[in-house]
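What follows is the residue order along each chain.
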Amino acid sequence: MEVYTNEDRNLQGLEDLTGLKDLAERDKAVIWHPFTQMQTAPLPIPIVRGQGTLLFAEDGTTYIDAVSSWWVNTHGHSHPYIAEKVAKQLHTLEHVIFAGFTHQPAVELAERLLPILPKNQKKVFFSDNGSTAVEVALKMAFQYWHNVGKPRRKVIALQDAYHGDTFGAMAVSGRSAFTAPYVPFLFDVEYIPTPVPGQEQAALDQLQALLSDDVAAFIFEPLIQGAGGMVMYKPEILGQLIGMARSHGALIIADEVMTGFSRTGKLFASHHLSHQPDLMSLSKGLTGGTMALGVTTCTNAIYDAFKSEDKHKTLFHGHSFTANPLACTAALASLDLLLSDETQASIQRISQRHAVFAAQLSQKPGVKNVRQQGTILAFDLDNEGQTSSYFSNIRDVAYHFLLEQGVLMRPLGNVLYILPPYCITDEELTTVYSAIDKLLQHIRA
Ligand SMILES: *Cc1c(COP(=O)(O)O)cnc(C)c1O
């Protein structure tokens, strides 16, 4: 193995890195970060190690990861059980082409996933992230109608939805600052209001008006719209909407990329619903947050529409790292942990602690719209009585204030939320809650 020192690099005419101060400066010289305005963003914080809910920074600071590192982590960082299984798999089979070949971790993962999903889910298609899991669901839905010889063109989605950053996923997401530059390139989608309390009837009426024999699919994030601001709505109204859409033949797509794997208190948000989806997209918590993996699952009715002697009916979709054995192994290890009594008890504990804190929060000035679903707690910072220029900065003020308290949260505008790994201790939860209390005092001071 060759290891290059900075002197070697100099000899080879490579850039001298010794002059650069530290990792953050070196990063700034060469890296473009996601969702980051590189002109104004402060230097990134170099993290050298993770353990449980804690992230250890290069400068010795520790942070409680109260957002599960963008909603992916479920059992804590560098979990020894997952690490051991993945390390073993790495020495056995790191990757193999998944067309014409298969392997134990993929088969076992599909065998173990299907029984815990809604009962009508019968086939698993692998990809490698949440956006592609959504793309595949959309392609399956469109091609289903094509293959059965009754092409349908319309998709219905919820306003302010977020389904990912690739083009199809963007198209079915709400139109926002995120999508503005691409709008001319996105296919048309019809939106209905998100059926939050008070908007149920409007959602029902608008769906009724849009439904026709041309609706291919109805897509939603069940119960919680994540990136749209942790917007929460009830299973009963979603069930009604699904029932209406299905009565017109529309395929039902549940994007459980964020809500899957017990975030909402049940294994999947769809388990809260009276109606089952036809297609589901999963990623994020699938591997416990260890590795990139996505899956799209579907019913036999959809799968059967692609089976034919006619090659044109094939689902022509696949990614280089489809069903990567390491990622499948991480997902299997994560499932072992998730389904254990200990983790399920912890999920209940977090939900109960959140409920107590939510009741306190609702009494506080400067806080409104406190809401909770399982392990996710969210609220809005109320801008009443605040000068608007200060308030428009509130996201950055809150983010940096909380970091100084040793708590990593990433407010969505004026929406604050906690979405922790399930291993978070009571003591750590208390630290997060009191950091929020301090933030509220700071904002009102
Ligand atoms: C994050 C997210 C996605 C996109 O997943 P990526 O892995 O970031 O591509 C899609 N849908 C929902 C609901 C999400 O929260």
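Look up: the structure comes first, before these words.
Residues numbered from 1 in each chain as written. Predicted model: local features only at pLDDT ≥ 70, side-chain atom pairs only at ≥ 80, totals over all residues. Heavy atoms only, no water.

1. Focus on the overall build of the protein chain
Here comes step 1: A count of helices and strands for the protein chain gives 15 helices and 16 strands.
Here comes step 2: On C-alpha atoms alone, the protein chain measures out to a radius of gyration of 23 Å, which is about the 22 Å that the 2.2 N^0.38 rule sets for 445 residues.
Here comes step 3: Along the longest, intermediate and shortest principal axes, the C-alpha atoms of the protein chain span 65 × 60 × 50 Å.
Here comes step 4: In the protein chain, which comprises 445 residues, the proportion classed as buried is 50%.
Here comes step 5: For the protein chain, the share of sequence-separated contacts (at least 6 apart) that also reach a separation of at least 24 residues comes to 70%.
Here comes step 6: A total accessible area of about 21,100 Å² is found for the protein chain, and carbon and sulfur atoms account for 54% of it.
Here comes step 7: Distance from the positive charge centre (34 side chains) to the negative charge centre (45 side chains) of the protein chain: 5 Å. (Helix = DSSP H or I, 4+ residues; strand = E, 2+ residues; numbered from the N terminus. Rg over C-alpha atoms; globule rule 2.2 N^0.38 Å. Buried < 20%, exposed > 50% of the residue type's maximum accessible area, 1.4 Å probe, protein only. Contact = heavy atoms within 4.5 Å. Areas by Shrake-Rupley, 256 points an atom, 1.4 Å probe, with all protein chains shown as cover. Lys, Arg positive; Asp, Glu negative; His and termini not counted. Charge placed at Lys NZ, Arg CZ, Asp CG, Glu CD.)

2. Examining the packing of aromatic side chains
Here comes step 1: Tallying each qualifying case throughout the model produces 10 aromatic pairs.
Here comes step 2: For the ring pair Phe-35 and Trp-70, a centre distance of 6.0 Å and an interplane angle of 80° mean the geometry is edge-to-face. Within this pair, whereas Phe-35 is found in the loop between helix H2 (23–30) and strand E1 (47–51), its partner Trp-70 is found in helix H3 (residues 68–71), the two being separated by 35 residues in sequence.
Here comes step 3: Using a relative accessible area of 37% as the deciding quantity, one classes Trp-70 as partly exposed.
Here comes step 4: Grouping aromatic residues by their ring pairs yields a cluster made of Phe-35, Trp-70 and Phe-178.
Here comes step 5: One Lys or Arg, Lys-123, reaches over the ring of Tyr-303 and ends 4.6 Å from the middle of that ring.
Here comes step 6: The residue whose ring lies beneath Arg-152 is Trp-145, and the NZ or CZ to ring-centre distance is 4.0 Å. (Phe/Tyr/Trp six-rings, centres within 6.5 Å; stacked < 30°, edge-to-face > 60°. Lys NZ or Arg CZ within 6 Å of the ring centre and 35° of its normal.)

3. Here we look at the site of the ligand
Here comes step 1: Every residue near the ligand is listed here: Trp-71, Asn-129, Gly-130, Ser-131, Tyr-162, His-163, Gly-164, Glu-221, Asp-255, Val-257, Met-258 and Lys-284.
Here comes step 2: Asn-129 is positioned such that a nitrogen or oxygen atom in its side chain is 3.3 Å from an oxygen atom of the ligand.
Here comes step 3: Asp-255 places a polar side-chain atom, nitrogen or oxygen, 2.7 Å from a nitrogen atom of the ligand.
Here comes step 4: In isolation the ligand has 380 Å² of accessible area, and contact with the protein removes 83% of it.
Here comes step 5: In the shell around the ligand, the residues fall into four nonpolar, five polar and three charged. (Near = heavy atom within 4 Å. Polar contact = N/O pair within 3.5 Å; in protein donor to acceptor, adjacent residues only side chain to side chain. Nonpolar A, V, L, I, M, F, W, Y, C, P; charged D, E, K, R; others polar.)

4. A few points about the pattern of salt bridges
Here comes step 1: According to the stated counting rule, one finds nine salt bridges in the structure shown.
Here comes step 2: Between Lys-307 and Asp-304 there is a salt bridge, and its shortest N-O distance comes to 4.0 Å.
Here comes step 3: Since its relative accessible area comes to 53%, Lys-307 is described here as exposed.
Here comes step 4: Judged by its relative accessible area of 42%, Asp-304 falls in the partly exposed class.
Here comes step 5: For Asp-426, the salt bridge is made with Arg-353, and the minimal N-O distance between the two is 3.0 Å. One end of the pair, Asp-426, is in helix H15 (residues 426–444); the other, Arg-353, is in helix H12 (residues 341–362), with 73 residues separating them in the sequence.
Here comes step 6: Taken together, the salt bridges that share partners define one network made up of Arg-349, Arg-353 and Asp-426. (Salt bridge = Lys/Arg side-chain N within 4 Å of Asp/Glu carboxyl O.)

5. Remarks on the packing of helix H4 (residues 80–90) against helix H11 (residues 325–338)
Here comes step 1: Their axes nearest at 9 Å, the elements H4 and H11 cross at an angle of 150°. As far as their axial angle goes, H11 and H4 are roughly antiparallel. Note on packing geometry: the crossing formed by H4 with H11 is right-handed. Contacts between H4 and H11 involve Tyr-81, Ile-82, Lys-85, Val-86, Gln-89 and Leu-90 from the first element and Pro-325, Leu-326, Thr-329, Ala-330, Ala-333, Ser-334, Asp-336 and Leu-337 from the second.
Here comes step 2: Within the contact of H4 with H11, the residues separate by chemical class into nine nonpolar, three polar and two charged. (Axes fitted to C-alpha atoms, helices over the stretch in contact; angles between N-to-C directions. Parallel < 35°, antiparallel > 145°, perpendicular 65-115°, else oblique. Left-handed = near helix turned anticlockwise from the far one by under 90°.)

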